[in-house]
Amino acid sequence: MNSPEMDFLLSVRGLTKQYAQKRLISGAHFTVEALRGVNLNVPRGAAMALVGESGAGKSTLVRCLALLEKPTHGEIDFEGHDLLTLSSKKLFRARREIQLVFQDPTSSLNPRMTALEIVAEPLEVQREGTKDTRRRSAIELLDQVGLPTSSGQKLPFEFSGGQRQRIAIARALALRPKLLILDEAFSNLDLATRDSLLQLLFELQARHSLTYIHVSHDLRLVTDVASEVAVMYEGRIVEHAPTAELFTRAKSEYTRLLLEAMEIDSAVIDDHTVEVMR
Amino acid sequence: MRFIARRVVHSILILIAVSFLSFTLLQWAPGDYFDGLRMNPRISPETVNGLREKFGLDQPFLVRYERWMRSVAAGEMGFSFAYDSPVGPLLWARAGNTFLLGGCSTLLAWFLALPLGIWMAVRKGRWHDRLFSVVMSTLLAIPDLLLFLLLLLLALRTGWFPAGGMTSSGFDELNLWGKVLDLVRHLALPSLGLAAVAMPILVRHIRAAMVQALESPFLLAARGHGIPHQRLLWRYALPAASNPLISLFGLSIAGMLSASAIVEVVLSWPGLGPLMVQSVLARDVYVVLALILLSSIFLVSGNLLADLLLYASDPRIRVEQ
């Protein structure tokens, strides 16, 4: 997947994450290795899918990338800077560049804040503009994600699941990030809502030159959204290839098994899909 | 306003129901205050019957209830056979003392438990958290009576605190500051005892609610936006954890009267506790009824206060109403 002339927004090298655990009865300490030396390059403007079975380390990896967890070893190079060696002040600024949309919009939105407050909060934290400009930006963002501006004063529980996910996306876009990570963001949504959100993401990508990482174990979704796919297994990236290539000529035995498990074969990838993915 | 009006009406209905039920149950109880007089050979049955007539005990049940309710509405709360006076004046002086003790101990317990519970939640699983969990479990395992007796022993052995009562003998001669200090010295031990009884439960609830709030996905999402730790703690986690804590606060107000009964008896605090014990033993039925009603008023007020605080603090409740 890597060629010397490619412009990578994000390069991950040798990323390891270990968790110290304790046995229930003996009390003996042991280590669980969630990430085992992950190497990954994400080209600027790409829509990458990160797939793998549950427990493969996908969520741990994206949480490390979004700086929500500190890796044990390795480097996260974002636009030429290793995020793990940045000072706390620079790290605070860097957070705005990478935003994460969580799987469950219901629990990922503050239930006591209105939609406008939720979307404006990152701007306030990063001290962007005045109260009025922040409010205007939040209204614009809600509009961009297809929510009526009149809904800004509503609380999250007054929205449907799809609308909540739109608020979460608007919040993630508030700081104009360069990388948007969607951690199974569509898994709880019905097909119609999912499709309209995907359409929205395509539009936003075109408008804001966004780079996406979609975490999913729904390979059908992957074919719809991703130009390239990285397959994770037991804390490692076992294969990383353009989507069409991966679905037609998977090199890794695990990828083939995963594809079989999802009952997807090369027939699913018709010419039109491949064209869209390009 | 509709929410508040509904809650107030609801509370009044509960109080009427409690008054009727407790009155009924106490009327069904065998014997009354005057049965003790019948055992006295120097008092004739006619005299006893005359006394029963005088206090209206010969009247039908509903008439007695109606009279008692009128008396409650007038603030007299019935008539004490043992003290030969209306119950109201007996109650109000003591209720003030109990309220002072209960209020101070509740505030002290929350003042200590809130920061401790939050601190333990933030340090979940670390040795500080484990150490204080053991301390709280130990405190919870000690029976209230034993704890109060230990405090009494401490007061007697060290002389640091008065061993009982609410004021010293020369209280009236003291100036205002001296009176305040004297009251605080007498208040310290029973307040500390009651706070120590309440604290383990409060700390456990506060810690659990904060741990749950700190691990909630919206807090993780907020952290992803670079929101600093202190802001996350106070503006996100604490409000998220506040609903069960507000309900708990309402319950601690509600339980103030019953919680302080034992400590008042052990440490001779002139509150409602000793009066409750005396009137139950003497079958002074209207005093017992007034205490039950007062206890219900505390319970209903505590819950009403919790509902109002929830209404004020949680926008979801305001929207739903």
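Residues numbered from 1 in each chain as written. Chains lettered and ligands numbered in written order. Predicted model: local features only at pLDDT ≥ 70, side-chain atom pairs only at ≥ 80, totals over all residues.

## Some thoughts on the overall build of chain B
Inference 1: Of regular secondary structure, chain B possesses 14 helices and two strands.
Inference 2: Counting only C-alpha atoms, chain B reaches 85 × 55 × 40 Å along its principal axes.
Inference 3: Sequence-distant contacts in chain B: of pairs separated by 6 or more residues, those separated by 24 or more amount to 73%. (Helix = DSSP H or I, 4+ residues; strand = E, 2+ residues; numbered from the N terminus. Contact = placed C-beta atoms within 7 Å.)

## Remarks on the sheet that holds strand 1 (residues 8–22) of chain A
Residues and elements named next belong to chain A.
Inference 1: Ordered in space as 2-1-4-5, the four strands form an open sheet in which the pairing is antiparallel. Each of the sheet's edge strands pairs with one partner strand only, and the pair in question is strand 2 (29–43) and strand 5 (81–82).
Inference 2: As defined by bridge partners, strand 4 (residues 73–78) adjoins strand 5 across two bridges and the pair is classed as antiparallel. The partner of Phe78 across the bridge, within strand 5, is His81.
Inference 3: Contacts from helix 1 (residues 58–65) reach strand 1, strand 2 and strand 4 within the one sheet, and its direction differs from that of strand 2 by about 65°. (Pairing = 2+ DSSP bridges. Axes fitted to C-alpha atoms, helices over the stretch in contact; angles between N-to-C directions.)

## Quick notes on the pairing of strand 4 of chain A
Residues and elements named next belong to chain A.
Inference 1: Two strands pair when backbone bridges link them, and strand 1 and strand 4 are joined in this way by five bridges, in the antiparallel orientation. Looking across to strand 4, one finds that Leu10 is bridged to Phe78.
Inference 2: Once strand 4 ends, the chain turns through two residues before running back antiparallel as strand 5, passing Glu79 with a positive phi of about 50°.

## Some remarks on the confidence of the model for chain B
Inference 1: Counting all residues, the mean pLDDT for chain B is 85, and 100% of those residues have values of 70 or more.
Inference 2: Taken together, the chains of this predicted complex give a pTM of 0.76 and an interface ipTM of 0.73. (pLDDT = per-residue confidence, 0-100.)

## Brief notes about the packing of helix 7 (residues 144–158) of chain B against helix 8 (residues 176–214) of chain B
All names here are of chain B.
Inference 1: Running from N to C, helix 7 and helix 8 cross one another at 150°; their axes reach a closest spacing of 10 Å. Classified by the interaxial angle, the pair formed by helix 7 and helix 8 is roughly antiparallel. Handedness of the crossing formed by helix 7 with helix 8: right-handed. Of helix 8, the residues touching helix 7 (which contributes Asp144, Leu147, Phe148, Leu151 and Ala155) are Leu189, Leu192, Gly193, Ala196 and Val197.
Inference 2: Residue composition of the contact of helix 7 with helix 8, grouped by class: eight nonpolar, one polar and one charged. (Parallel < 35°, antiparallel > 145°, perpendicular 65-115°, else oblique. Left-handed = near helix turned anticlockwise from the far one by under 90°. Nonpolar A, V, L, I, M, F, W, Y, C, P; charged D, E, K, R; others polar.)

## A short note on unusual backbone geometry
Inference 1: Notably, Glu234 of chain A is not glycine yet its phi reads approximately 45°, a positive angle.
Inference 2: On the secondary structure map, Glu234 of chain A appears in the loop between strand 9 (228–233) and strand 10 (236–242).

## Points about helix 7 (residues 191–208) of chain A
Inference 1: The end-to-end C-alpha distance of helix 7 of chain A, which contains 18 residues, comes to 25 Å, matching closely the 26 Å that a straight helix rising 1.5 Å per residue would cover.
Inference 2: Trailing helix 7 of chain A by a residue or two, Ser209 of chain A shows a phi angle of about 50°, which is positive. (Expected span 1.5 Å × (residues − 1).)

## Let's talk about the environment of Ile25 of chain A
Inference 1: Mapped onto the elements, Ile25 of chain A comes out in the loop between strand 1 and strand 2.
Inference 2: Put simply, Ile25 of chain A and Glu245 of chain A are 220 residues apart on the chain and 48 Å apart in space, counted from C-alpha to C-alpha.

## Notes on the pairing of strand 2 of chain A
Working note: regular strand, side chains alternate between the two faces of the sheet.
Residue and element names in this part refer to chain A.
Inference 1: Summarising the sheet, strand 1 and strand 2 pair through 12 bridges and their orientation is antiparallel. By the bridge assignment, Lys22 is partnered in strand 2 with His29.
Inference 2: Adjacent in sequence and paired antiparallel, strand 1 and strand 2 are bridged by six residues, among which Gly27 carries a positive phi angle near 75°.

## A look at the interface of chain B and chain A
Inference 1: At the interface, 17 residues of chain B touch 22 residues of chain A.
Inference 2: When residues of the side of chain B that touches chain A are traced back to their parent elements, those giving at least two are helix 9 (217–224), helix 10 (229–254) and helix 14 (315–320) of chain B.
Inference 3: In terms of residues, the side of chain B that touches chain A owes the most to one element, helix 9 of chain B, which gives seven residues.
Inference 4: When grouped by side-chain class, the residues that make up the side of chain B that touches chain A number 10 nonpolar, four polar and three charged.

## So, the environment of Ala185 of chain A
Residues and elements named next belong to chain A.
Inference 1: Here Ala185 lies in the loop between strand 7 (179–183) and helix 7.
Inference 2: Residues Ala185 and Leu204 lie 19 residues apart in sequence; the distance between their C-alpha atoms is 16 Å.
Inference 3: Ignoring any residue separated from it by four or fewer positions in sequence, one finds Ala185 in contact with Val101, Gln103 and Gln165.

## Focus: the packing of helix 11 (residues 256–266) of chain B against helix 13 (residues 285–313) of chain B
Residues and elements named next belong to chain B.
Inference 1: Contact geometry for helix 11 and helix 13: axes closest at 8 Å, N-to-C directions at 125°. It follows from the interaxial angle that helix 11 and helix 13 lie oblique. Contact residues: Met256, Leu257 and Ser258 in helix 11; Leu294, Ser295 and Phe298 in helix 13.
Inference 2: Partitioned by chemical class, the residues of the contact of helix 11 with helix 13 number four nonpolar, two polar and no charged.

## Side note on the sheet that holds strand 10 of chain A
Residues and elements named next belong to chain A.
Inference 1: Within the open sheet, the six strands sit side by side as 6-7-8-3-9-10. Their pairing is mixed. The sheet is open, and its two edges are formed by strand 6 (98–101) and strand 10, each paired on a single side. Each adjacent strand pair in this sheet contributes to an overall mean axis angle of 20°, direction not counted.
Inference 2: As judged from the four bridges shared by strand 6 and strand 7, these two strands associate in the parallel manner. The partner of Ile98 across the bridge, within strand 7, is Leu179.

## Focus on the confidence of the model for chain A
All names here are of chain A.
Inference 1: Residues at a pLDDT of 70 or more form 92% of chain A, whose mean pLDDT is 84.
Inference 2: The spread of mean pLDDT over the elements of chain A runs between helix 11 (residues 271–277), the lowest at 45, and strand 9, the highest at 92.
Inference 3: Below pLDDT 50 for its whole length, residues 265–278 participates in 15 contacts with residues either more than four positions away or in separate chains.

## Considering the nonpolar core
Inference 1: Ranked by internal contacts, the top residues of the largest apolar core, which has 149 residues, are Met48, Val119 and Ile181 of chain A together with Ala290 of chain B.
Inference 2: Residue contributions to this core peak at 15 residues, all from helix 8 of chain B. (Core = buried A, V, L, I, M, F, W, Y, C linked by C-beta atoms within 7 Å. Buried ≥ 20, exposed ≤ 12 C-beta atoms within 10 Å, placed from the backbone.)

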